[in-house]
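Survey of secondary and tertiary structure
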Amino acid sequence: MDFGKRKCSSYLALVAALASEADYVFIPEDPAPLNWQEKLCTKLYQERMAGQRLNIIIVAEGAIDRHGEPITAGQVKKVIEDNLQQDTRITVLGHVQRGGSPSAFDRILGCRMGAEAVMALMEADENTEPCVISLDGNQAIRLPLMDCVKRTQAVAKAMADKQWEDAVELRGKSFKRNLETYKLLTRLKPPKSSFNDSGDLKEGYVLAVMHIGAPACGMNAAVRSFVRNAIYRGDMVLGIHDGVEGLINGNVKPMGWSDVTGWVGAGGAFLGTKRTLPGTRIDQVAKKLTEFGIQGLLIIGGFEAFQAAIQMVHERPKYPAFQIPIVVIPSTISNNVPGTEFSLGCDTALNEITEICDRIRQSAQGTKRRVFIIETMGGFCGYLATLAGLAGGADAAYIFEEKFSIKDLQQDVYHMASKMSDGVQRGLILRNEKACENYNTEFIYRLYSEEGKGLFSARMNVLGHMQQGGSPTPFDRNMGTKMAAKSVEWMVNILKDNVAENGKISCTSDDSAVLLGIVRRQYRLTPLTELVPQTNFEHRIPKEQWWLKLRPLLRILAKHDSTYEEEGMYMTVEDRILDDEQL
């Protein structure tokens, strides 16, 4: 696949390679070795011998070798055909990459940045330095414009001077991490350095991975990354099938490097998942962990995974089997797990809802003055309804966290009628499935139908499990891959710090059982014991949720009166680099 001809940032090519499990990627910041033809053909030949029948090679715009000589898709095609006699096709993406409907993330990003731009202009005077508004992690920041220009020019200079490592560093910490992760995960098999002279794994830790909760897109990508990162370090990985029940029944199998090939782009959960918690069978769970010699446990799942890990931590004094490093990677479309601002699967679900809302609106293209009432999933958490409303241009989004009365509903109906009078042809109302026990979706639909007679008609749709389906988005694939890689690194460090001379593992401190999440500008490992007081267990939601600050923006864009507070943080490029190093 050819990504173009210009020599600019290879972000698209690199992240696409990471998200699509591409076999090889050529980028200008990390040029191919001089014998790239031999290396490429050797890798493709080994993959074909291993049974793989499809290979994807991505060539970024401006791709070069170590001498600075350009590498084109045509050259790569000729090398493969001449040396391997394999049928090869070139796809030049070109401007196809720019087209199509924007993703939910892009729509929300545009709304947030647009609001921040207005705030920055309102605060500016003749002495204010021009700035660039960007998103770092989940934190909107303002950077001096000329500092950004100088940094971009520094990348071009480093590449011109053939200082490739400096060029990668200047692209940013995330770019460098993506490159390192891609190189590790796309190996056909673990390196020889992972084994000793006897052919056994060097470190020899036994790590296990399991799912607890409902399936969510990105789970398989996380398992793939965990398995390969662990094996790369010399550890053994056990896959626990069907959650807690599978562990109790002994459905535990070793996982090899090639077992997870092709998992990154698959939805669902290949290991199998159930919502069952250890509960009264906690002793059987401990017995099985001891039986299989598990020394570190990764739990990928939703609120149930969080609860199960807490139960294990509470039973540590009684069962030494739980005195091991435990990591929870939040994975649920509801995004209702404390300790993180995003969970695996919520971006995919958000895109599904946004796309469905677009289709529903398009279905009424020839119908004038119609209002759609859409019910989303999410339990008591209104994340999906709010963010989908922002991405889809909704007129209102009703959620559990923001109480509403019949008067509020009546005012929204009147507001909708006034908008219809001003020429608006279609309206969109979203409601979280557990927003209110009495004002359910059926009630709101009947209210709008009755009060809108003569002004507009109403239709109701309950989206259901369609929101969980589909292939994971690049965001979920990339986040799952990175989180699992960080989990392995953390586990191994904890094991090394808590192993006795006789080899016995004893992790009893609070910081040896954590949840890995994204908080503002960083990945953060938070002890589970610290998250307990931050959680509303009755309604299965965090007590504080970052996205609630976007609610006023949703109302402003729907022509309601509201107040939006700025979220932008002003900092220099140097401050950002120093801050990243500290994080």
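For clarity, every value in this text was computed on a predicted model and none was experimentally measured.

1. Observations concerning the sheet that holds strand β11 (residues 396-398)
Pairing within the open sheet is parallel, and its four strands lie in the order β11-β12-β10-β13. This sheet does not close on itself; its edge strands, each paired only once, are β11 and β13 (457-462). Sheet twist, expressed as the mean angle between neighbouring strand axes with direction ignored, is 20°. Note that strand β10 (residues 370-376) and β13 share six bridges and pair parallel. When the bridges of β13 are listed, E375 appears paired with V462. In this fold helix α14 (residues 406-421) packs onto β10, β11 and β12 (426-432), with an angle of close to 160° to the strand it touches most, β12. Helix α15 (residues 441-451) rests against β10, β11, β12 and β13 of the sheet, and its axis sits at about 165° to β13.

2. A look at the nonpolar core
Counting residues in hydrophobic clusters, the biggest one holds 77 residues, and the most contacted among them are V209, F226, I300 and Y383. If one sorts the elements of this core by residue count, helix α16 (residues 474-497) sits on top with nine residues. With residues near it in sequence (within four places) discarded, I300 still touches V209, M210, H211, I212, M219, A222, V223, A305, I329, S331 and L344. L289, F306, L515 and L528 belong to the second largest nonpolar core, which has 36 residues in total.

3. A short note on the sheet that holds strand β5 (residues 206-212)
Strand order in the open sheet formed by seven strands is β7-β6-β5-β8-β9-β14-β15, with mixed pairing between adjacent strands. Two strands bound the open sheet, and with one partner strand each, they are β7 (252-255) and β15 (522-527). When strand polarity is set aside, the average angle formed by the axes of neighbouring strands in this sheet is 25°. Here β5 runs beside strand β6 (residues 236-240); their pairing, made up of four bridges, is parallel. Bridging across to β6, V209 finds its partner in G239. Relative to strand β8 (residues 296-301), helix α11 (residues 303-314) is tilted by about 150°, and along the sheet it contacts β5, β8, β9 (326-330) and β14 (513-519).

4. Side note on empty space enclosed by the protein
Applying the stated criterion across every chain yields a total of one cavity of 30 Å³ or more. Counting residues per element, the lining of the largest cavity draws most heavily on helix α4 (residues 104-123), at four residues. In terms of residue class, the lining of the largest cavity is built from eleven nonpolar, one polar and two charged.

5. Notes on the environment of I494
Along the polypeptide, I494 turns up in helix α16. Assessed through its relative accessible area of 12%, I494 is described here as buried. Through-space distance from the C-alpha of I494 to that of A216 is 28 Å; in sequence the pair is 278 residues apart. Non-local contacts of I494, meaning those with residues more than four positions away in its chain, are made with P325, C507, D511 and S512.

6. Examining the domain arrangement of the protein chain
When the domains of the protein chain are assigned, the result is domain 1 (9-97), domain 2 (104-171), domain 3 (204-344 + 472-542) and domain 4 (354-468). Of note, the centres of domain 2 and domain 4, computed from C-alpha atoms alone, are 36 Å apart. Between domain 2 and domain 4, the contact holds four residues from the first and six residues from the second. Of the roughly 450 Å² buried at the junction of domain 2 and domain 4 (both faces included), carbon and sulfur atoms supply 67%. It is R107, I108 and C111 in domain 2 that bury the most area against domain 4; as a group they hold 85% of the surface buried on that side. At the junction of domain 2 and domain 4, the tally comes to one salt bridge. D358 serves as the salt-bridge partner of R107, at 2.6 Å between the closest nitrogen and oxygen. The interface formed by domain 2 and domain 4 contains two residue pairs in polar contact (both at pLDDT 80 or more).

7. Describing the environment of V264
Looking at where V264 falls in the secondary structure, it is placed in the loop between β7 and α10 (282-291). Between the C-alpha atoms of V264 and A222, which are 42 residues apart in sequence, the distance is 7.8 Å. Setting aside anything within four residues of it in sequence, one finds V264 in contact with L18, A19, S20, E21, A221, R224, P472, R477 and T481.

8. Points about the pattern of salt bridges
Between side chains of opposite charge, a pair can form when the charged atoms approach closely. Scanning the entire structure with this criterion turns up 22 salt bridges. Two residues, D87 and R89, come together in a salt bridge whose shortest N-O distance is 2.7 Å. Note on accessibility: D87 and R89 belong to one class, exposed. Its salt-bridge partner being R446, residue E442 comes within 2.8 Å of it at the nearest N-O pair. Separated by four residues within a single helix, E442 and R446 lie in helix α15, roughly one turn from each other. Here E442 falls in the partly exposed class, since its relative accessible area comes to 30%. Look at the salt bridges and you will find they share partners, linking D30, R66 and K183 into a network.

9. Looking at the packing of aromatic side chains
For any pair of aromatic rings, the description rests on two quantities: the centre-to-centre distance and the angle between the ring planes. A complete count under the given rule lists 16 aromatic pairs for this structure. Here the aromatic rings of F380 and F400 are separated by 5.0 Å at their centres, their planes lie at 70°, and the arrangement is edge-to-face. In this pair, F380 is assigned in the loop between β10 and α13 (383-392) and F400 in the loop between β11 and α14, connecting sequence segments 20 residues apart. For the ring pair Y383 and W547, a centre distance of 6.3 Å and an interplane angle of 75° mean the geometry is edge-to-face. Of the two residues, Y383 sits in helix α13 while W547 sits in the loop between β17 (541-542) and α18 (551-557), which places them 164 residues apart along the sequence. What makes Y383 buried here is its relative accessible area of 2%.

10. Section: the packing of helix α1 (residues 11-20) against helix α7 (residues 173-185)
Look at α1 against α7: their axes get within 10 Å of each other, and the N-to-C directions meet at 40°. One finds that α1 runs oblique with respect to α7. For the pair α1 and α7, the sense of crossing is left-handed. From α1, Y11, L14, V15, A17 and L18 reach across to α7, where they touch F175, N178, L179, T181 and Y182. Class assignment of the residues belonging to the contact of α1 with α7 gives a composition of eight nonpolar, two polar and no charged.

Cut-off values and rules
- Residues numbered from 1 in each chain as written.
- Predicted model: local features only at pLDDT ≥ 70, side-chain atom pairs only at ≥ 80, totals over all residues.
- Heavy atoms only, no water.
- Pairing = 2+ DSSP bridges.
- Helix = DSSP H or I, 4+ residues; strand = E, 2+ residues; numbered from the N terminus.
- Axes fitted to C-alpha atoms, helices over the stretch in contact; angles between N-to-C directions.
- Contact = heavy atoms within 4.5 Å.
- Core = buried A, V, L, I, M, F, W, Y, C linked by side-chain atoms within 4.5 Å.
- Buried < 20%, exposed > 50% of the residue type's maximum accessible area, 1.4 Å probe, protein only.
- 1 Å grid on protein atoms, 1.4 Å probe; cavity = no way out; pocket = protein on both sides within 12 Å on 5 of 7 lines; lining within 4 Å.
- Points joined across faces, edges and corners; volume = space filled by probe spheres on them.
- Nonpolar A, V, L, I, M, F, W, Y, C, P; charged D, E, K, R; others polar.
- Domains from an automatic or database assignment.
- Buried area = accessible area lost by both parts, 1.4 Å probe.
- Salt bridge = Lys/Arg side-chain N within 4 Å of Asp/Glu carboxyl O.
- Polar contact = N/O pair within 3.5 Å; in protein donor to acceptor, adjacent residues only side chain to side chain.
- Phe/Tyr/Trp six-rings, centres within 6.5 Å; stacked < 30°, edge-to-face > 60°.
- Parallel < 35°, antiparallel > 145°, perpendicular 65-115°, else oblique.
- Left-handed = near helix turned anticlockwise from the far one by under 90°.

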